[in-house]
Amino acid sequence: MTNMQSWLLDDSPQSRMQANLGNSYRMLRALLRNPLAVVGAIILLLLVFAALFAPWIAPHSPLGQDLGARLLPPSAAHWMGTDELGRDILSRVIFGARITLMIVALVAIISAPLGLIIGAVSGYFGGWTDKVLMGVTDVFLSMPKLILALAFVAALGPGIENAIIAIAITSWPAYARIARAETLTFRNSEFIAATRLVGASHTRIIMRHVLPLCTSSMIVRVTLDMAGIILTAAGLGFLGLGAQPPLPEWGAMISRGRTFILDQWWVATMPGFAIILVSLGFCFLGDGLRDVLDPKQEGKS
Amino acid sequence: MSMQMITSRRFWAILRATVGFVIVTLLTFVGLLAITFFIGRVIPIDPVLSVVGDRATQEQYDIAKIAMGLDRPLIIQFVNYVGDVFQGDLGRSVSTNRPVASDLARVFPATLEMATLGIAIGVGLGVPLGVWAAARKGTWVDQIIRVFALLGYSVPAFWLGLVGLVLFYATLGWVSGPGRVDIFYEGLVEQRTGLMLVDSALSGDWDVFWNALDHLILPATILGFFSLAYIARMTRSFMLDQLGQEYITTARVKGVSEWRVIWVHGFRPIRVQLITVIGLSYAALLEGSVMIETVFSWPGIGNYLTVALLNADMNAVLGSTLVIGSVFILINKMSDVLYRILDPRSR
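Every value quoted in this text rests on a predicted model; they were computed, and no experiment measured them.

Asks: Would you explain the overall build of chain A in this entry?
Replies: Along its length, chain A carries twelve helices and zero strands. Ordered by position from the N terminus, the helices and strands of chain A form the series α-α-α-α-α-α-α-α-α-α-α-α. Each of the three principal axes of chain A carries a C-alpha extent, and together these read 75 × 55 × 30 Å. Of all 301 residues assigned to chain A, the portion counted as buried reaches 44%.

What follows is the structure, given as structure tokens:
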């Protein structure tokens, strides 16, 4: 164990892999010193675990109706009670983890690279490219995100895919801003000039040298944004514009439970706790990651 | 440097900031129009159908088609669209069968009232909490405020609204339920500003006033909580920046009381920065009210928008988007220019 550790923390690593692993190890240790970040990481691991093994963890089927067991309060048999069709809410919440995870993953996969490339190109080339790209970015940035997402879904039609597209369209500008700011700090540095002298193309410089340097602040920002993305997706579901029934999406479940809120409070409240827990997890982890990866950004989210 | 020179330099700085503000705001507004135009006319397979709805007759369809000028090139359509919007013509709503512009003018004050009370609550609690957290950095007070603020980023507004209704209305009976006033108070007060509290106070109808406040307080508090989270977080980080400065240490060494160090030496310089934050959260509240209004059946712009969404009433959706977007942009840019004017470094 000590051997392993000293290999990881070696001041003069023998290979690139050793250096990278050593860096990751240092960050992990720094992250583990932050109790909130650890809590956040545990919550998110639980989410991934629930999503992967939902059929084995969930005590009941998420879709199986049992009209004889409608609207039962939380009990030993149904920890979170049952909904208006007699479906076990806990099982639905567990299966809902899959939908939530899919939404955040897809939004991140679409919007982060999009913002990253726009920002890097903008910062790297400067001049008119920069002016035009950042002008568009600023227009999107000064727009209310939720309302814009609502309007996009209204035009595209309700559904989970369109909700994902709408959220992705509204979340890339923040990433473009960050990537541009990062790129500006090193676009005139010597290693970029050296790469250019060796004859590397613009595409190669951006892809291989600029983008990798932007990723750490990007990871922090994306993690911090996840809570907002989950809330927007749940909001779209709540308004009936996101995931459609009978999919066990948390926001849509709350919307169904709204009808019985005064008598059967658990139907609407239980999925809400899941949303809060997961969003908090992302916030905690994002906060911790920021302290480790990007200390200067404190409080600027 | 003479006094006059300083004043004239300050005048030019303000003028430059203002002109810049007008240009940037106008450009952003055209950008917003381009986006709503794109959403309304380019994305839908049949834009006419998305405006008139499925139940329209062939005749209505043809009239709308000609009115929208869909046979012309896209750029001409856009110019016409911008012209219409600047004349206050946002089209007709399918569900209310009235011009969207007059619908929006009717519902907007309700949202404004709720958001304004919300921001008052958010600022009133958020700023002191942020200052407190900064003054006690690293202690349990700081941690609790931090978690409390993070909750503001993690709790769905609509869920908190539902829970609030169950708890404070249905169970405890502390506040009134959904809507702006009880049914038998409705239409009693003459509409002047559209703000229920102001109107009832102006006409001296205190029964209505208290009833309206009773209805308003819960949704406004919940809305305020979300701005509180952001304001407290930003206040804390600004304060930490200030309290780390050397002049603060100097003040402490000189024996200035801790209260004075925090509120006079520490807090005063960050007031300008806070204006931007408060402006941004106010704009965000107008947006956040969409969810809250739906839950509380609050007859504001958010409710109007969600009803329009469910009826696929595209003119109403785009009109609401435009209005909320414009207010958002305006507040956004205005807090920006205010910051530049008020920041002592620009003097």
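Asks: Hey, could you run me through the overall build of chain B in this one?
Replies: For chain B, the helix and strand inventory stands at 13 helices and zero strands. Starting at the N terminus and ending at the C terminus, chain B contains elements arranged as α-α-α-α-α-α-α-α-α-α-α-α-α. Each of the 347 residues in chain B was classed as buried or not, and the buried ones make up 42%.

Asks: Help me out: how do you make sense of the nonpolar core in this one?
Replies: Across soluble globular proteins, nonpolar side chains show a tendency to be buried alongside one another. Counting 177 residues, the largest nonpolar core has A151(A) and I230(A) as the members making the most contacts within it. Among the elements that take part in this core, helix 9 (residues 206-243) of chain B stands out by supplying 18 residues, more than any other.

Asks: Is there a simple way to explain the environment of I229(A) in this structure?
Replies: Residues and elements named next belong to chain A. Structurally, the position occupied by I229 is in helix 10 (residues 202-238). With 129 residues separating them in the primary sequence, I229 and T100 have C-alpha atoms 9.7 Å apart. Not counting residues up to four positions away in its chain, the partners in contact with I229 are V104, V107, I167 and S171.

Asks: Mind showing me how you'd approach the packing of helix 6 (residues 140-154) of chain B against helix 9 of chain B here?
Replies: When two helices pack together, their arrangement is given by the angle between their axes and by how far apart the axes lie. All names here are of chain B. Two numbers describe how helix 6 lies on helix 9: the axes approach to 8 Å, and their chain directions differ by 130 degrees. Our classification of the angle between helix 6 and helix 9 gives oblique. In the crossing of helix 6 with helix 9, the sense of the turn from one axis to the other is left-handed. Contact residues: I145, A149, L151, G152 and Y153 in helix 6; F225, F226, L228, A229, Y230, A232 and R233 in helix 9. Along the lines of polarity and charge, the residues of the contact of helix 6 with helix 9 split into ten nonpolar, one polar and one charged.

Asks: Is there a simple way to explain the interface of chain A and chain B in this structure?
Replies: Often, the extent of an interface is quoted as the loss of accessible area on bringing the components together. Taken together, the contact pairs 37 residues of chain A with 40 residues of chain B. Among the secondary structure elements, those contributing two or more residues to the side of chain A that touches chain B are helix 6 (127-141), helix 7 (145-156), helix 10 and helix 12 (265-293) of chain A. Of all the elements, helix 12 of chain A adds the most residues to the side of chain A that touches chain B, at nine residues. In the side of chain A that touches chain B, the residues fall into 26 nonpolar, eight polar and three charged.

Asks: Would you mind showing me how to read the confidence of the model for chain B here?
Replies: The predicted coordinates of low-pLDDT regions are not to be read in fine detail. Residues and elements named next belong to chain B. Residue-level pLDDT values for chain B average 84, and 96% of them are 70 or greater. Across chain B, element-level confidence peaks in helix 5 (residues 100-135) with a mean pLDDT of 91 and bottoms out in helix 2 (residues 47-52) with 74. The complex prediction reports pTM at 0.86, with the ipTM value standing at 0.85.

Asks: When you look at the environment of L285(A) in this model, what are you seeing that I'm missing?
Replies: Residues and elements named next belong to chain A. Relative to the helices and strands, L285 is located in helix 12. With 25 C-beta atoms packed within 10 Å, L285 lands in the buried category. Measuring from C-alpha to C-alpha, the distance between L285 and L224 comes to 7.9 Å, with 61 residues separating the pair along the chain. With residues up to four places along the chain from it excluded, the contact list for L285 reads A37, G40, A41, L44 and T223.

Asks: Where do I start with helix 10 (residues 246-253) of chain B in this structure?
Replies: Residues spaced three or four apart along an α-helix face the same direction, because each turn holds 3.6 residues. In terms of burial, helix 10 of chain B is largely open, as just zero of its eight residues are buried. Remark: G255(B) follows helix 10 of chain B within two positions and exhibits a positive phi of approximately 90 degrees.

Asks: Even after reading the chapter, I still don't get the packing of helix 5 of chain B against helix 9 of chain B, so can you show me in this structure?
Replies: All names here are of chain B. Axis separation between helix 5 and helix 9 bottoms out at 5 Å; the angle between their running directions is 35 degrees. For the crossing formed where helix 5 meets helix 9, the hand is right-handed. Of the residues in the contact of helix 5 with helix 9, the class split is 23 nonpolar, eight polar and three charged.

Asks: So what exactly am I meant to see when it comes to the environment of P271(A) here?
Replies: All names here are of chain A. Mapped onto the elements of the fold, P271 is located in helix 12. Sequence separation between P271 and E190 is 81 residues, and the spatial gap between their C-alpha atoms is 53 Å. Not counting the four nearest positions on each side in its chain, P271 is found in contact with V93, G96, W250, M253 and I254.

Asks: Sorry, what's going on with unusual backbone geometry here?
Replies: Leave glycine aside and you will find that most residues have negative phi; peptide bonds, for their part, are mostly trans. Of note, the amide linkage connecting P245(A) to P246(A) takes the cis form, showing an omega dihedral of 10 degrees. Positive phi values are uncommon outside glycine, yet N97(B) reaches one of about 55 degrees. On the secondary structure map, N97(B) appears in the loop between helix 4 (74-86) and helix 5. In this structure N97(B) comes out as exposed when scored by C-beta crowding, with 8 C-beta atoms within 10 Å. Backbone geometry at S297(B) places phi at a positive 45 degrees, although glycine is not the residue there. Here S297(B) lies in the loop between helix 11 (258-296) and helix 12 (301-310).

Rules used in this analysis
Residues numbered from 1 in each chain as written. Chains lettered and ligands numbered in written order. Predicted model: local features only at pLDDT ≥ 70, side-chain atom pairs only at ≥ 80, totals over all residues. Helix = DSSP H or I, 4+ residues; strand = E, 2+ residues; numbered from the N terminus. Buried ≥ 20, exposed ≤ 12 C-beta atoms within 10 Å, placed from the backbone. Core = buried A, V, L, I, M, F, W, Y, C linked by C-beta atoms within 7 Å. Contact = placed C-beta atoms within 7 Å. Axes fitted to C-alpha atoms, helices over the stretch in contact; angles between N-to-C directions. Parallel < 35°, antiparallel > 145°, perpendicular 65-115°, else oblique. Left-handed = near helix turned anticlockwise from the far one by under 90°. Nonpolar A, V, L, I, M, F, W, Y, C, P; charged D, E, K, R; others polar. pLDDT = per-residue confidence, 0-100.

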